[in-house]
Structures are given as structure tokens and as C-alpha cells.
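Spelled out, the chains give:
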Amino acid sequence: MVSFEATIWYLVLIDSLFSNVIAWFFVGWYKKKFKKWHKFLPLTKTWAGWYLLLVIWIGCALYRLGILPGFS
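Owing to the predicted nature of the structure, the values given are computational and were not obtained by experimental measurement. What you see as residue numbers is a count from 1 along each chain, following the sequence as written. Where local features are concerned, this predicted model is filtered to residues with pLDDT of at least 70; where side-chain atom pairs are given and counted, the filter is 80 or more; whole-chain, interface and lining totals use all residues. With hydrogens and water stripped out, all remaining heavy atoms of the structure feed into the side-chain values.

## Things to note about the overall build of the chain
Note on conventions: DSSP H or I runs of at least 4 residues are helices, E runs of at least 2 residues are strands, and numbering of each starts at the N terminus. From N to C terminus, the chain includes four helices and zero strands. Order of helices (α) and strands (β) in the chain, N terminus to C terminus: α-α-α-α. Principal axes of the C-alpha set define a box for the chain whose edges measure 40 × 20 × 20 Å. Summarising the internal contacts of the chain: among those between residues at least 6 apart in sequence, 65% fall at separations of at least 24. The accessible surface values rely on the Shrake-Rupley method and a 1.4 Å probe; as for residues, cover is taken only from the protein chains in view. With the model as given, the accessible surface of the chain reaches about 6100 Å², and the carbon-plus-sulfur share is 74%. Whether two residues are in contact is decided by their heavy atoms, any of which lying within 4.5 Å being enough.

See the structure below:
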């Protein structure tokens, strides 16, 4: 059974993956679709990369604590 923390982590991982795809390939779409929000929350490759890196780092910590299920 997957714990609450693991479920939240998987959802955040999916979010960070989508933000990276948008930051690397669909920046024009993001600026066009979210005109007002883009000024306050700019989506850059650097931000998206750090976001993914931090999510993976937290995932490693959760795995070492035994919260995330193993992939064997």
C-alpha cells in the first residue's frame, strides 16, 4: 500500500515533469494562455530544472526512509 506522503510526492513529481516539458518546449503557449499570470510566475528552464532536481532529491530521501516503495 502506498502511503500518503508517497502519493503526494508522486503528484508533485508529475507536476514537476509537466512544468519541465512546458518550460523546454511550450513556452510560447504558456505565455499566450496565461497572459496575466506569466508576469508574476514566469516559467523558465532554470526554475523548472531546479524544481525537478529538488523533487528527485526529496524522493531519494523518502526512499531511504522507506516511505517510497522500491522498484525491484
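## Some points on the layout of surface pockets
Using a grid of 1 Å spacing that covers the protein atoms alone, one calls a set of points a cavity when a 1.4 Å probe fits there but cannot get out, and a pocket when the set is open and has protein on both sides within 12 Å along at least five of seven lines; lining residues are those with an atom within 4 Å of a point. Grid points are joined across faces, edges and corners, and a volume is the space filled by probe spheres set on the points. Its boundaries defined by the atoms lining it, the largest pocket holds a volume of some 250 Å³. Around the largest pocket, the lining residues are Asp15, Ser19, Ile22, Trp29, Tyr30, Phe34, Trp37, Leu41, Pro42, Leu43, Trp47 and Tyr51. Residue assignment for the lining of the largest pocket shows that the elements contributing at least two residues are helix 1 (4-25), helix 2 (27-33) and helix 4 (45-64). Of the residues forming the lining of the largest pocket, the biggest block, three residues, is contributed by helix 1. Amino acids outside the nonpolar list (Ala, Val, Leu, Ile, Met, Phe, Trp, Tyr, Cys, Pro) and the charged list (Asp, Glu, Lys, Arg) are all regarded as polar, and Gly is one of them. A class-by-class count of the residues in the lining of the largest pocket yields ten nonpolar, one polar and one charged.

## Some points on the nonpolar core
Taken as a class, soluble globular proteins show a tendency for nonpolar side chains to be buried jointly. In this structure, Ala6, Trp9, Leu13, Val55, Leu62 and Leu68 together form the largest nonpolar core, which totals six residues. Going through the elements one at a time, helix 1 and helix 4 are the ones with two or more residues in this core. Ranked by residues supplied to this core, first place goes to helix 1 with three residues. Ignoring sequence-local partners within four residues, the contact set of Trp9 consists of Val55, Ile58, Gly59, Leu62 and Leu68. In plain words, nonpolar cores are sets of buried Ala, Val, Leu, Ile, Met, Phe, Trp, Tyr and Cys residues tied together by side-chain atoms within 4.5 Å. For the exposure calls, accessible area comes from a 1.4 Å probe over protein chains only, and a residue counts as buried if that area is under 20% of its type's maximum, exposed if over 50%, partly exposed in between.

## Regarding a nonpolar patch on the surface
On the surface, Val21, Trp24, Phe25, Phe26, Trp29, Phe34, Trp37, Phe40 and Leu41 cluster together into a nonpolar patch covering about 1100 Å² of accessible area. Of all elements in the fold, only helix 1 and helix 3 (35-40) reach the threshold of two or more residues within the nonpolar patch. Of the residues forming the nonpolar patch, the biggest block, three residues, is contributed by helix 1. Tracing the backbone through its elements, the reader meets Trp24 in helix 1. Classification of Trp24 by relative accessible area gives partly exposed; the value is 48%. Patches here are clusters of residues that have more than 30% relative accessible area and form no salt bridge, with a 9 Å joining cutoff for like charges and a 5 Å cutoff for nonpolar side chains (Val, Leu, Ile, Met, Phe, Trp, Tyr). Put simply, a salt bridge is a Lys or Arg side-chain nitrogen that is within 4 Å of an Asp or Glu carboxyl oxygen.

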